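Secondary and tertiary structure notes
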Amino acid sequence: MNLTSEISRKKFLKKLAIGAGGMALLGNFGFIFPFKSPNGEIKAIIVDFDKCAGCRTCETACSAYNHKVEINGEIFYGLGNPDLSNIKVWHYNPDVDVPVTCFLCEDTPCIEACPIPPDPITGRKALYRDEIFNTIKCDLDRCIGCEKCSKACREKSGGVIFTNKDTGKPERMCTLCDGEPQCVKYCPYGALQYLSVTPDMQLRNTSPEKIAEILIEKYYHN
Amino acid sequence: MKGYNGILLEIDLTTGQINKKQIREEDIKKYIGGRGLGMKLLYDNLPGPGVDPLSPENPLLFMPGPFSGFPIPFSSRTCVVTKSPRTSSVNKRFEFGSTVSYSNMGGFVGPEIRFAGYDGILIKGKAEKPVYVFIEDDVVEIRDASRYWGMGTDDFDKYFIQDLGDRRFESCYIGPAGENLVPYASVINTAARAAGRGGVGCVMGSKKLKAIVVKGSQIPKVANHKEYLELLEKSRKAFSIDNDDRKFWREQGTTGALKYSSDQGSQAVKNYSEGTFEGIENLATESARKKIWKRDFACFSCALSCKKSGYAKGAYGTMVHDAPEYETGTMLGANLMIDSLEGMAKLIYIADDYGIDIISAGNTIGFLMECYDKKLIDKDFLDGIDLQWGSVDDSIQMLHKIGKMEGIGKLAAQGVKPLAEKIGQGSGEFAIHVKGHELAAWNVPAYEKTGISYTTSNRGACHLNGGETDGQNEIVMMDSLGACAFASNWYKDDLHYRHFLSVLTGIEWTEEEFNKAGERIFNLEKMMNFREGFDKNDDILPERFYKNKFLHGPKEGAIVDREEFDKMMNDYYEARGWDKETSKPTDEKLEELGLGYLI
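None of these values were measured; they are calculated from a predicted model.

**Some points on the overall build of chain B**
- Counting its regular elements, chain B contains 26 helices and 17 strands.
- On C-alpha atoms alone, chain B measures out to a radius of gyration of 22 Å, which is about the 25 Å that the 2.2 N^0.38 rule sets for 599 residues.
- Of all 599 residues assigned to chain B, the portion counted as buried reaches 61%.
- Counted over contacts in chain B with a minimum sequence separation of 6, partners at least 24 positions apart contribute 72%.

Here it is, written out as structure tokens:
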């Protein structure tokens, strides 16, 4: 088990200890929550594609924060290996660079597709929306590695969910770095922002290919 | 050794053998990586002097540096190292005597080679049929590339990655020019970033190697993780601090130098006969922003984004991957008296699509224009091309001839030195090359230090050499670290490159040792050239600069004083610790630098 899931696991259990008592009471009264809806409005990584220069600093910053390492008992950010990052910058010819990370979709096709029944206490499937930052997380103990979430994301949204090549379990969902997104912090071009999602926002919840098509038309055929 | 993978990926295209060789720690400590380590490996893998550069015996190396792969600012570069198919000496000691060749490219290939677990790739031998090398971490395969042979670099860039089915692969490749063995063919990545000079694409083509494609999932270890993170944070903070220089070069790329150079009389104009171009406004940044540019692009970990892409409209309508830059805008623009922005962009696109060194091509076409103008050659000689000053259409035709090695293209592809030998009639005086390698967009008469850069460069005339030993050694270090010498220049005070190398490796690099490494590598290159037959007689400027005064611009009357320049050269040799009669590094100097094995 890697270090970051250990840390978030501890957080979750802490929350549950507080909530379980309350939930147990509600359970006695016959309440079952079939899914978790977003906790207020959703804030996500919003991309200004006009500004992205494709330098992939976001990938390295994401990777460093979300894959910390332990050295002599101390925890440090990782080195910044882009292979581990959640945000990915996709390059196309004619030249456009399309950074895509989990959109935190309101309708979560990934969770919809998850076949694991909602937990009677928490209401969560194996894949669930965490109420702190509305990010998508996976309970690796309950997940069976069917890869349906990844497929749904590919077909209905950005295709950001990769599956672990050994376990088949989903990875690369944006964590929002505990509320201080590192990609936003370190982008040298100001192309990324951490904003509330509004209905007028364009080029969201869709694949890098589709976004690239639109951008190529915009930049190179006008 | 920390900071490095410690592995050289050796591929023999003749036998199909693939070897993952341990790189000697001593070599890493002395030659760093990139250009430096590439040179040492070139020396180790050449059987001796006089090797035919287009023979299977010529090693071809792709060398990222110790910075490549870490998100250290501006760490995107890869150095392609080989023996040059372009250069030749005055004394022809060997039939194939030529200098070393090195060419840098940006983009993302270098970092990916390091992610895959290697510090470099060495290609030996020659394939029977066109192949490409496939690398995914420890999986390395030589695959059939017949399907792609003949493809322009733009199409290859588009379709190869589609066929591969995984857009996270990075690749570098040659175009038809490299395949046809155009001596100044280049290696291209992302359709326009080039390891342009020194004929590296020609050597790649001689091995029937179309492309290298690579993807990796690892990252090398570092010695001092905590300090590395602190340095990274410190240097990244610099990106949010702007100054005039940073703003200028970020907004304009190297294109900013087009007007600047012309205005100060330092530009290559009309085959170097002038230093200022009347029509420069139309080629320069403001014009490009208005008519062509849509997006700015950066290489891996770069905050400058000097690459400008867009679309040119009109009769010369073309996709613009990266144009104009200073060199390309001058060599296929001002140097040819071409003042059409779109025309110049079209020429650049065609050259990139073939995979041709635009600097050498522009220089060569300018030379032919002058010969034609002076009636030293006629239309017949040029296969019917009416190659007049300022003509875009005829320049386009000439580029096609060169790329295809067709008719006059065969000779034009050799460059200005053989062309002048063929044409004679005194044309040698304005064949603007050193050691057979064409000069670039910075002209000489107004600023003689530029002349030193050209005469003393180890790959033949090179503008990225610097006019002084310290500057030259520093550029060697940038090329060896995998760092971009251009972008990093504007953030020097904030980058702490020497400290980065120390925290990566766990070795404390003093300023003295750091500079010495650059000096060592430069001397290794020089000794390799010397044993090939290159000496003081080859470190000379074209006659034009001593004889032709500028007639226009702020530097009207500019000319190089022969005696003065000779003295500058002697001062240079002295500063280098080299013999003034021969230019050979003294035994003392070699011993001092740990190059005693070359004596």
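Now that the structure is up, let's keep going.
**As for the overall build of chain A**
- A count of helices and strands for chain A gives six helices and 10 strands.
- Taking as baseline every contact in chain A between residues at least 6 positions apart, the subset at least 24 positions apart corresponds to 65%.

**Things to note about helix α7 (residues 225-237) of chain B**
- Its 13 residues place the ends of α7(B) 19 Å apart at the C-alpha level, agreeing with the 18 Å of an ideal helix rising 1.5 Å per residue.
- If you check which residues of α7(B) are buried, you get B:Y228, B:L231, B:L232, B:S235 and B:R236. Angularly, the buried residues of α7(B) cover 130° about the axis, an arc narrow enough to put them on a single face. The outward face of α7(B), more than 90 degrees from its buried face, is lined by the exposed residues B:E233 and B:K237.
- Residues of α7(B) that are buried sit in contact with α5 (182-186) of chain A together with α21 (492-495) and α22 (497-505) of chain B.

**Quick word on the environment of B:G467**
All names here are of chain B.
- Mapped onto the elements of the fold, G467 is located in the loop between α18 (448-456) and α19 (469-481).
- Along the primary structure G467 and T456 are separated by 11 residues, whereas in three dimensions their C-alpha atoms are 8.6 Å apart.
- Apart from residues lying up to four places away in sequence, G467 is in contact with K449, T450, I452 and S453.

**Let's talk about the domain arrangement of chain B**
- Segmentation of chain B into domains returns domain 1 (7-215), domain 2 (265-428) and domain 3 (448-598).
- The gap between the C-alpha centroids of domain 2 of chain B and domain 3 of chain B is 27 Å.

**Focus: the interface of chain B and chain A**
- Contact with chain B, which involves 30 residues of that partner, is made by 23 residues of chain A.
- A per-class count over the side of chain B that touches chain A returns 15 nonpolar, seven polar and eight charged.

**Remarks on the confidence of the model for chain A**
- Averaged over every residue, the pLDDT of chain A is 87; the share at 70 or more is 82%.
- Residue range residues 1-9 of chain A is modelled with pLDDT below 50. Its contacts to residues more than four positions away, or to other chains, number seven contacts.

**Regarding the sheet that holds strand β15 (residues 318-320) of chain B**
Residues and elements named next belong to chain B.
- With antiparallel pairing, three strands are arranged side by side in an open sheet as β13-β14-β15. In this open sheet, the two edge strands, each paired with only one partner strand, are β13 (293-297) and β15. Averaged over all neighbouring strand pairs, the angle between strand axes comes to 20°, with direction disregarded.
- When β13 meets strand β14 (residues 307-312), the two strands line up antiparallel, connected through four bridges. What sits directly across from W293, in β14, is G310.

**Details of the packing of α19(B) against helix α23 (residues 511-531) of chain B**
Residues and elements named next belong to chain B.
- The contact between α19 and α23 brings their axes to 8 Å, and the two run at 90°. As the angle between them shows, α19 and α23 are arranged roughly perpendicular. For the pair formed by α19 and α23, the contact residues are Q472, N473, E474, V476, M477 and S480 on the first element and F514, N515, A517, G518, E519, I521 and F522 on the second.
- Taken together, the residues of the contact of α19 with α23 break down into six nonpolar, five polar and two charged.

**Describing the packing of helix α13 (residues 341-354) of chain B against helix α15 (residues 392-404) of chain B**
Residue and element names in this part refer to chain B.
- It is the contact of α13 with α15, at a shortest axis distance of 10 Å, that shows an interaxial angle of 5°. Between α13 and α15, the angle is such that the two are roughly parallel. Where α13 abuts α15, its residues G343, K346, L347, I350, A351 and Y354 lie against V392, S395, I396, L399 and G403.
- Taken together, the residues of the contact of α13 with α15 break down into seven nonpolar, three polar and one charged.

**What to know about helix α4 (residues 148-156) of chain A**
Residue and element names in this part refer to chain A.
- Of the positions making up α4, those classed as buried are C149, S150, A152 and C153. The buried residues of α4 occupy one face: seen down the axis, they fall within an arc of 165°.
- Lining the buried residues of α4 we find α3 (109-113), β6 (127-129), β8 (162-163) and β9 (170-171).

**Regarding the sheet that holds strand β4 (residues 78-83) of chain B**
Residue and element names in this part refer to chain B.
- If you walk across this open sheet you meet the six strands as β2-β1-β6-β3-β4-β5, and the pairing is mixed. The sheet is open, and its two borders are formed by β2 (18-22) and β5 (100-105), each paired with just one other strand. Direction aside, the axes of adjacent strands within the sheet are offset by 20° on average.
- Across five bridges, the pairing between strand β1 (residues 7-12) and strand β6 (residues 120-124) is parallel. Across the sheet, residue D12 finds its bridge partner in β6, namely K124.
- Across the sheet, helix α2 (residues 34-45) lies against β1, β3 (60-64), β4, β5 and β6, angled at about 25° from β4, the strand it touches most.

**What to know about the environment of B:D561**
- Assignment of secondary structure puts B:D561 in the loop between α24 (544-547) and α25 (562-576).
- Here the alpha-carbon distance between B:D561 and B:Y447, two residues 114 residues apart in the chain, equals 11 Å.

**Regarding the environment of B:Y491**
- By the secondary structure assignment, B:Y491 is in the loop between α20 (485-488) and α21.
- Since 19 C-beta atoms lie within 10 Å of it, B:Y491 is described here as partly exposed.

**Remarks on unusual backbone geometry**
- Cis peptide bonds are those with omega within 30 degrees of zero, and the linkage from A:N93 to A:P94 qualifies with 5°.
- Within the element layout of this structure, A:P94 appears in the loop between β4 (88-92) and β5 (96-100).
- Despite not being glycine, A:D178 has its phi angle at roughly 55°, a positive value.
- Within the secondary structure layout, A:D178 lies in the loop between β9 and α5.
- Here the phi dihedral of B:Y272 falls at roughly 70°; this positive angle occurs in a residue that is not glycine.

**Looking at the confidence of the model for chain B**
- Taken residue by residue, chain B gives an average pLDDT of 97. The fraction at 70 or more is 100%.
- Interface confidence in the predicted complex, given as ipTM, is 0.96; pTM for the same model is 0.94.

Rules behind the numbers
Residues numbered from 1 in each chain as written. Chains lettered and ligands numbered in written order. Predicted model: local features only at pLDDT ≥ 70, side-chain atom pairs only at ≥ 80, totals over all residues. Helix = DSSP H or I, 4+ residues; strand = E, 2+ residues; numbered from the N terminus. Rg over C-alpha atoms; globule rule 2.2 N^0.38 Å. Buried ≥ 20, exposed ≤ 12 C-beta atoms within 10 Å, placed from the backbone. Contact = placed C-beta atoms within 7 Å. Expected span 1.5 Å × (residues − 1). Arc of directions from axis to C-beta. Domains from an automatic or database assignment. Nonpolar A, V, L, I, M, F, W, Y, C, P; charged D, E, K, R; others polar. pLDDT = per-residue confidence, 0-100. Pairing = 2+ DSSP bridges. Axes fitted to C-alpha atoms, helices over the stretch in contact; angles between N-to-C directions. Parallel < 35°, antiparallel > 145°, perpendicular 65-115°, else oblique.

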